[in-house]
Amino acid sequence: MLTIENLEVAYFNAIQVLKGLTLSVDDSEVVALLGANGAGKTTLLKAVSGLLPLENGAIGEGRIRFQDQLINKTPPHELARAGLLHVREGRRIFTEMSVEENLISATYALTGRDAQPDFEAVYNYFPQLKDRARQTAGLLSGGELQMLAIGRALIGQPRLILLDEPSLGLAPKIVDEIFDIIARINQEQNVSILLVEQNANAAFRIAHRGYILEGGKVVLEGSVADLRRNPDIQTFYLGLGDQEDKKSFRDVKHYKRRKRWLA
Amino acid sequence: MITGHYKTRYTADEGIWSTWPKQAGLVAALVALAVLPLIANNYVLLLAGQIAIFIIAVVGLNVLVGYTGLMSLGHGAFFAIGAYTTVAVHHEFPNTFPLITLLISIAVAAAFGVLFGLPSLRVKGLYLAVATLSANFIVLFLIRQEWLAEWTGGVSGTETPNAVLFGYELRSQRAQYYFIVPIMLIMLLFAQNLFRTRFGRALIAIRDKDYSAEILGISLYSHKLKSFAISAAYCGAAGCLWAYFFPAILPEDFGLNMSITLVVCLVAGGMGRTLGPVFGTVLILLVPEILKIVFANVTDGDANAQMLFSPMRDIAFGVLIIGFLIFEPMGLVSIWDRFWRFVDRWPFSK
Amino acid sequence: MLSVTHASLAFGGIRALDDVSFTAETGHITAIIGPNGAGKTSLFNIISGFYQPQSGSIHFDGTDITGMRADKRAAMGMARTFQNIALFRGMTVLDNIKLGGHTRLRSGFWSSGFYYGAARREEAALRADIERDVIDFLELDHIRKAPVAALPYGLQKRVELARALAMRPKVLLLDEPVAGMNREETEDMARFILDIQDRWETTILLVEHDMGMVMDISNKVIVLNFGRKIADGTPDVVQRQPDVIEAYLGTSEDREVTV
Amino acid sequence: ETKQWRVAASLPMTGPFATAGQLVAPAFAEFEQQVNDSGGIGGRPIKVEVEDSGYIPRNALANFQRAMAGGDLHFYFGDSTGFMELVGPTLEGDNAVMMGSTSFASSLANPAERPYQFMAGPTYEDQFEILLKDIADKGGKTVAFVYSDTEFGRDPIEHGRKVAADLGIEVVLEEVTKAEGADIENHVTKLAQANPEYTILQGYVTGVWPQLIGGARAFGLQTQFMGTFWGMEKVIADRVTDQAGPFLDGYQGVMPYRYFYDQEDAPFYQQLGAYKKSINPDFPGYVVTWELEGRLNLELWKLCMNRVIEADKPVTPDNLMAELRAIDNWDSGGFFGQPVDVVDHKIGQGRVYRYSADSKLFTPVSDWIQV
Amino acid sequence: MGQFVQYLINGVISGGILALIALGIVSVFKATKVVNFAHGHLILFGAYFYFTFAVMLPEAAFMPDWVRSWEPEWLVAYRADAPSFSPKAAIASWISDVPRILLGLAGALAANALLALLIERLVMRPLLGQSTFAMILSTVGLIWVLEGSAGLIWTAEAEQVPSLGPNFPIRFELFGANLFLFSGSLFNLLIALALFAALMLVLRYTRSGVAIRATAEDQSTAYAMGINVPRVFSSAWLIASTTGAVAGAILATRTGLSPAIGLFGLSVLAVVLMGGLDSFAGVLLASMLIGVLQAMTQWKLGGEYAEIVPYVAVLIVILIRPHGFLGQEEIERI
Ligand SMILES: Nc1ncnc2c1ncn2[C@@H]1O[C@H](COP(=O)(O)OP(=O)(O)OP(=O)(O)O)[C@@H](O)[C@H]1O
Ligand SMILES: Nc1ncnc2c1ncn2[C@@H]1O[C@H](COP(=O)(O)OP(=O)(O)OP(=O)(O)O)[C@@H](O)[C@H]1O
Ligand SMILES: [Mg+2]
Ligand SMILES: [Mg+2]
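Quantities reported herein were computed from a predicted structural model and do not represent experimental measurements.

Caption draft 1: Geometry of the overall build of chain D. Regarding its fold elements, chain D presents 12 helices and 12 strands. Against the globule reference of 21 Å for 371 residues, chain D gives a C-alpha radius of gyration of 20 Å, in line with a compact fold. In chain D, buried positions account for 66% of the 371 residues. Relative to all contacts within chain D whose residues are 6 or more apart in sequence, the contacts with residues 24 or more apart total 71%. Just so you have it, chain D exposes about 11,900 Å², and 47% of that area is on carbon and sulfur atoms.

Caption draft 2: Structural context of the coordination of the magnesium ion (ligand 3). Residues and elements named next belong to chain A. Listed as protein donors to the magnesium ion (ligand 3) are T42 (OG1) and E89 (OE); their distances from the metal cover 1.8 to 2.3 Å. Placement of T42 in helix α1 (residues 41-49) and of E89 in the loop between β7 (84-87) and α3 (99-106) is noted, with a sequence separation of 47 residues between them. Its relative accessible area of 18% is what places T42 among the buried residues.

Caption draft 3: Expanded view of the sheet that holds strand β1 (residues 2-11) of chain C. Residues and elements named next belong to chain C. If you walk across this open sheet you meet the four strands as β2-β1-β4-β5, and the pairing is antiparallel. Unpaired on one side and paired on the other, β2 (14-24) and β5 (63-64) mark the two borders of the sheet. Direction of pairing for β1 relative to β2: antiparallel, over a ladder of seven bridges. If you follow S3 over to β2, its bridge partner there is T23.

Caption draft 4: Representation of the pairing of strand β1 (residues 2-11) of chain A in the model. Residues and elements named next belong to chain A. As defined by bridge partners, β1 adjoins strand β5 (residues 63-66) across four bridges and the pair is classed as antiparallel. Along β5, the bridge assignment pairs E5 with R63. Turn length for the β1-strand β2 (residues 15-25) hairpin, with the two strands adjacent in sequence and antiparallel, is three residues, and the turn residue F12 shows positive phi of about 50°. Judged from the three bridges that link them, β1 and strand β4 (residues 57-59) form a sheet pairing that is antiparallel. Bridge pairing links V9 to I59 in β4.

Caption draft 5: The arrangement of the domain arrangement of chain C in detail. All names here are of chain C. Here the domain parsing of chain C yields domain 1 (1-77 + 170-259) and domain 2 (87-168). Computed over C-alpha atoms, the centres of domain 1 and domain 2 are 27 Å apart. When domain 1 packs against domain 2, the two sides together hide about 1,300 Å² of surface, and 74% of this comes from carbon and sulfur. Considering only the side of domain 1, the residues that lose the most area to domain 2 are F192, R199 and W200, jointly responsible for 37% of the buried surface there.

Caption draft 6: Representation of the coordination of the magnesium ion (ligand 4). Residues and elements named next belong to chain C. For the magnesium ion (ligand 4), the full set of protein donor atoms is T41 (OG1) and Q83 (OE1), and the range of their distances to it is 1.8 to 2.3 Å. Of this pair, T41 sits in helix α1 (residues 40-48) while Q83 is found in the loop between β6 (78-80) and α3 (93-100), placing the two residues 42 residues apart along the sequence. Its relative accessible area of 16% is what places T41 among the buried residues.

Caption draft 7: Expanded view of helix α10 (residues 242-249) of chain C. Residue and element names in this part refer to chain C. For α10, the full list of buried residues reads V244, A247, Y248 and L249. Looking straight down α10, one finds that the buried residues subtend no more than 145° of arc, so they occupy a single side. Seen from the buried face of α10, the exposed residues on the opposite side, beyond 90 degrees, are P242 and E246. Downstream of α10 by one or two residues, G250 has phi in the positive range, about 70°.

Caption draft 8: Local environment of the interface of chain C and chain B. With 45 residues of chain C at the interface, the matching set in chain B holds 31 residues. Together, the buried faces of chain C and chain B total about 3,400 Å²; carbon and sulfur atoms form 62% of this surface. When the shortest N-O distance is used, the salt bridge between E123 of chain C and R201 of chain B registers 3.0 Å. Inspection of the chain C/chain B interface yields eight residue pairs in polar contact (both at pLDDT 80 or more). Residue assignment for the side of chain C that touches chain B shows that the elements contributing at least two residues are α2 (70-75), β6, α3, α4 (109-114) and α5 (118-135) of chain C. When residues in the side of chain C that touches chain B are grouped by element, the largest group, eight residues, is from α5 of chain C. The class makeup of the residues in the side of chain C that touches chain B is 22 nonpolar, 10 polar and 13 charged.

Caption draft 9: Representation of the site of ligand 1. In the neighbourhood of ligand 1, 20 residues make up the surrounding shell, with K41, T42, T43 and E89 of chain A together with A150 of chain C lying closest. Separating an oxygen atom of ligand 1 from a backbone N or O atom of K41 of chain A is a distance of 2.8 Å. One of the side-chain N or O atoms of E89 of chain A is found 2.6 Å from an oxygen atom in ligand 1. Notes on ligand 1: free accessible area 630 Å², of which the protein chains cover 83%.

Caption draft 10: The arrangement of the sheet that holds strand β11 (residues 217-223) of chain A in detail. Residues and elements named next belong to chain A. In space, the six strands of this open sheet follow the order β7-β8-β9-β3-β10-β11, with mixed pairing throughout. Two strands close off the open sheet at either side, each with one partner strand: β7 and β11. The sheet shows a mean angle of 15° between the axes of neighbouring strands, taken without regard to direction. Alignment of strand β10 (residues 209-214) against β11, held across six bridges, turns out to be antiparallel.

Caption draft 11: Geometry of the arrangement of the chains. In this assembly seven pairs of chains touch, with chains B and C having more contacts than any other pair. In this structure chain A stays clear of chain B, and the shortest span between their C-alpha atoms is 13 Å. Contact between chain A and chain D is absent, and the least distance between their C-alpha atoms amounts to 39 Å.

Caption draft 12: Molecular detail of the site of ligand 2. Around ligand 2 there are 17 residues in total, and G37, K40, T41, S42 and Q83 of chain C lie nearest to it. Chains contributing residues near ligand 2 are chains A, C and E. Between ligand 2 and the protein, one listed contact pairs a nitrogen atom with a side-chain N or O atom of Y51 of chain C at 3.1 Å. Within the complex, 88% of the 630 Å² of free accessible area of ligand 2 lies under protein. Those elements that place two or more of their residues in the shell around ligand 2 are β2 and α1 of chain C.

Caption draft 13: Up close: the environment of K277 of chain D. If you trace the backbone, K277 of chain D turns up in helix α10 (residues 267-279). Note: C-alpha distance between K277 of chain D and K190 of chain D (87 residues apart in sequence) is 47 Å.

Caption draft 14: Structural context of the confidence of the model for chain D. This prediction gives chain D a mean pLDDT of 90; 99% of its residues lie at or above 70. Quick note on the complex model: pTM equals 0.91, ipTM equals 0.90.

Caption draft 15: Summary view of the side chain of T186 of chain C. Secondary-structure assignment places T186 of chain C in helix α7 (residues 183-200). Judged by relative accessible area, T186 of chain C falls into the buried class, the value being 2%. When neighbours within four sequence positions are excluded, T186 of chain C is seen to be in contact with F249 of chain A together with V178, M181, D210 and M213 of chain C.

About the thresholds
Residues numbered from 1 in each chain as written. Chains lettered and ligands numbered in written order. Predicted model: local features only at pLDDT ≥ 70, side-chain atom pairs only at ≥ 80, totals over all residues. Heavy atoms only, no water. Helix = DSSP H or I, 4+ residues; strand = E, 2+ residues; numbered from the N terminus. Rg over C-alpha atoms; globule rule 2.2 N^0.38 Å. Buried < 20%, exposed > 50% of the residue type's maximum accessible area, 1.4 Å probe, protein only. Contact = heavy atoms within 4.5 Å. Areas by Shrake-Rupley, 256 points an atom, 1.4 Å probe, with all protein chains shown as cover. Donors = N, O, S within 2.8 Å, 3.2 Å for Na, K, Ca; no water. Pairing = 2+ DSSP bridges. Domains from an automatic or database assignment. Buried area = accessible area lost by both parts, 1.4 Å probe. Arc of directions from axis to C-beta. Salt bridge = Lys/Arg side-chain N within 4 Å of Asp/Glu carboxyl O. Polar contact = N/O pair within 3.5 Å; in protein donor to acceptor, adjacent residues only side chain to side chain. Nonpolar A, V, L, I, M, F, W, Y, C, P; charged D, E, K, R; others polar. Near = heavy atom within 4 Å. Axes fitted to C-alpha atoms, helices over the stretch in contact; angles between N-to-C directions. pLDDT = per-residue confidence, 0-100.

Here's what the structure looks like:
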């Protein structure tokens, strides 16, 4: 579905962010991508969805293929029309338009495909949105905004969704809800999902495989079950103590433990 | 070979002319400014004087637009207020000492600045730009009124006084140059100092994120108004010098055209930087003249050829502005920065 | 130190806050939690003075500050960070932090413009102060001259905290300080917050969705739902309240254990 | 010693009055060629340099100073009242130069304050006076002043009021309009309300006056429209007639000069026509009045030059201006219908012409009126 | 009272033209967040193009005679006994002008559209991703380029162009006063309002409207949603340039050709902000209000006051309503 080989990306021809990254997403698979702040996760998604040039970024080396097509230089709207939809960091809802108009805006992703937008399907996943269809989107709560962002992608009848930190700033209960729905979407719609997350617990719940990104490179990859067993992942991403129990934040030390994959 | 500039005190780290190549450059620039009139003809001095005056005004605009992030398309009005205040002061008290007039012009312009700034407490962005533009038109409208004509000369403008310093009348452009340029330098230094200390920093904070500034204890009301006042004061000073420099003024001199030229100078030079206005003004005021000289040399003053070339000059000028925005959007100062980075790292620079 | 009594706030038809009262004890960490849209940020906004509550009052340090402008409250020693990072993007880290010192400095427009003299001494003193108490403390030395816009998210959050600290606040309002951070970074931030509490006895108000952190470090937890306070107490107590679990926590804790 | 006489000019070749500048500019090149072909002045060739000002006084001042910096300058032609007033006070000592312009602003005809500036015709005030006298002669009782909100438009208004009062004519409307792109409907409405016998238009070059007259005619207003120098150009009137119909028929106005087609007893016009034909076989035989104005400035300078040189005096601005002031009973050979004097640095006469859409000519309807 | 109605009519007519000009500024703003300072000069080009295709081209040797003046026999007969300035004569002369009016309009629309595409490609496109401020200023730079180019291409000013509709005075009596208006102006008003309404409906109620608004709010997200952002940009410029061409043609018939048309366009900015940059309805309201206020001021106070009416009005309005009559307030969530 999506394969990325040896990708290098720099902003302003100066700030090198991705340094030879390789990754793939198979059909109907949920792949989690974890990594520290500034590791380049968002940059990777922007590179895939063609948004980099709008932010003075550029792909140097490397190839990105979507459904066996080379898409290094394909403009974003054509990717959307081919079924690759990007739910961006910070949700990026059109705040001055109504919820419904936000959904309509995504119908452009169906251009050139013989398909009708299915608003009801979206409202089925997210009943709250239906109640607020005519409301100005800027006034929705954080969870609803995230639902709308995902709903907007669904309108485009995607084959692959790039999902950037859907849990950001959401209450625990909503995070659960949303992740449940993401899992449902993956199963029912047969779409692949590349999920960028900081909340490893939540991400591992629904993902099949995972990658750990650090300093612009993949430092670890494997099935979710494998990753969960990795002691570094347990310490740095899952917050488990030495005995695989929950570690209290009050016990955090001033010095840092070294990560084994850096060795 | 310079491998780095080590600083041992925080004050040194905060200095502006911190490296010796920069200090040498500063001295060279000052010497050049001092000797220019000795070798230049009236035409060059006319341009130099105009540029110096404009620099003051653009520095003022920079305070508001570049540092505080409030857009204005009406600064021609403050220029006008400074100029007409000077005329009016000399009309009432013919022998006023020029620096006193300058201070009065500054004060009056600053007061108008506060008045113009009132909308900024409610209005942002383009709305503010158009509010100031409107204010500009209204000021010009008032200046043209018959009932103010005694001081303003009304529609047909008025002759302006010459500065008299200690019994010596500044008639020649050379003498005026030595009056204007030091004032410009002082005002430039003042602005530079302002923006590396508390007050100026607060303005920049308002530009970058107003509510965040507020939460740090910066009063938006008073700072926005003060910014308008300072900005207007600079333009008022420029207006005062303008009135001394030119033999006559007309209301049209200070219209939209001037306001836009000020903005263009600022953008070409680089907003929010002290040297931006200097570079921008020099570029924007000199380019049309250089184009003229070039075309005059090509055509040898021939009328028929001039007819063809004159519109092309306008086109060239517009293309220059657009080209700048596309290729050097941060203005000339970014070239300047690159230059100094190069010098500082030489011979390791590539 | 800080108390809110019967505060209500509505936007059009939406009741963002509905008769909310609570007190934050001096030197304690008080956490405010609740679902999205419950009114936590709105509560911060009326405390810091961006919105005026339609009814109710706010007392800070013994004074009634209801109706006072935001910048005045800051001068009294109130600092905060924002849910969506609100740094001055055009400036360096150092300048951002210096701005935190704004209310402590005296030099005005004239002395700033003339610089040599009072203004210069004051600037140097501020710089020394910040270097010692803020930059070293929050481990920002390596990026002090970097423009904030280019920093990764986590560091930006830390710079925002640094800026607030430079104000020497009596009370510090933190709106989702660890959102978007992974476990490791969250731990760092938790450490800083605890250290601040220790070192300056700052009163801290904390809005956060990371329950692990909230429950571990706060002394008291207040739960909001639809603008109303539904619970108030120590973390242990609140955590077990069924209506809190129902409205906010959900059952994810259980699920996590199943792994 | 200079080898050639230098003349420089600022003309508005861009900006709002570009039409005027572009029409006049070729005359300067032609003057240079014609004078040099006939041996120059006092045996030395002349050099004419033209610059664009965009009708901005400050630009014209820069042009002027650059011309001055280029060596001895013997005549300068300015392009606006604003420039003339801006440069006026600086013309002293080494900076002095004889200076004509496109402006007829009354303040420029002032030997005491403007010792080096002159005007090749009557001031706008004079022109108004001529028109009002003509109205009075014909028994007119009411008049409207319609003028643009510019210095140029307002220049003669106050004087006009006074003269009208003296002549017993009532000013029933004073209407201020934009210099270009005026809101014709409103102005016509107001004219209709005031219903004056005569309407004097002032302060327009190519625009507004034709539209205003057209609108009023279409509406059926009977008022007699009148104009001053810049609103009296046949080329414009002809264009309007060709493109929009004959509504300018009967329009009148004051003109200080004879139209170029009026060549009877006008040796200078005949020569100029012949010369133009010789260098350009397509020359249609008509020279626009705006060009005549520039040309007359140059001719006056040439006359003064010749007289100074003949008198064997040094060619200085003071000597040139002294000769100008001494012009008395001068036969221009065309421009004026009778010998003229220079008084107060101007030539205060003109007469009223009327446009006929049939013949496409402005023909005189009054005698030369002296003011 | 009758006089009042007269000036009201005059004001509404000029308000219609203001609205038509404003339309172009608003549509570019809606799509790109750029306020086009050069819109007046786009209109100026429209006017010159109209002149070129409706006056200059028909006079060219290779054009058939009927383009310049269409005189079928029935028209000659119809006109035969009409007195000059009568409606009949006006209609007849308009009919004989129809071919060149159509040619002029078609030419102006096409040429202006081409010009706009050029501007969009060469100036605005390279600035994509730059701050809107830079884009706005580049339109200021465009003013010089366009003005210079116009000066280079056309020396023709003070030219008259045929009016779009038949132009004869209409007289009627109301409240005891004799009122009049020109049929040509009425025709212009109708064209302006029709264009305005059409565009407003398209943007409000169609999918394209959503695309345009989405692009305005967040270019890159709109792009990622499958919206062809560059196409949206060029369409916005196309709308502006074609409505601008019509506005130019109308202005040229009303006030004659002159570079002042460019400046006139600039003053419409005040109207646009008064209405609210992003609201068509608000801008229409503001246009009418300014038109009427200006007419009333001209009537009661005279021309020098009329000129500053828009500026005073916009200042007052945005002090009371910082986003104009109907402009949308940005939601800033802290
Ligand atoms: N538009 C940009 N211009 C310049 N640098 C950028 C830009 N966007 C990101 N960067 C830099 O690239 C690096 C990686 O950023 P990116 O947003 O991809 O990280 P991330 O892994 O998504 O982090 P986070 O978890 O904070 O979202 C950071 O150092 C950031 O400063
Ligand atoms: N400026 C505003 N205009 C209108 N409504 C607002 C505004 N600010 C907040 N609201 C509304 O008030 C309610 C409370 O919002 P608030 O931001 O305080 O929630 P929160 O608890 O901070 O949520 P989150 O956890 O998502 O940050 C929400 O319904 C929101 O839509
Ligand atoms: Mg990211
Ligand atoms: Mg919140």
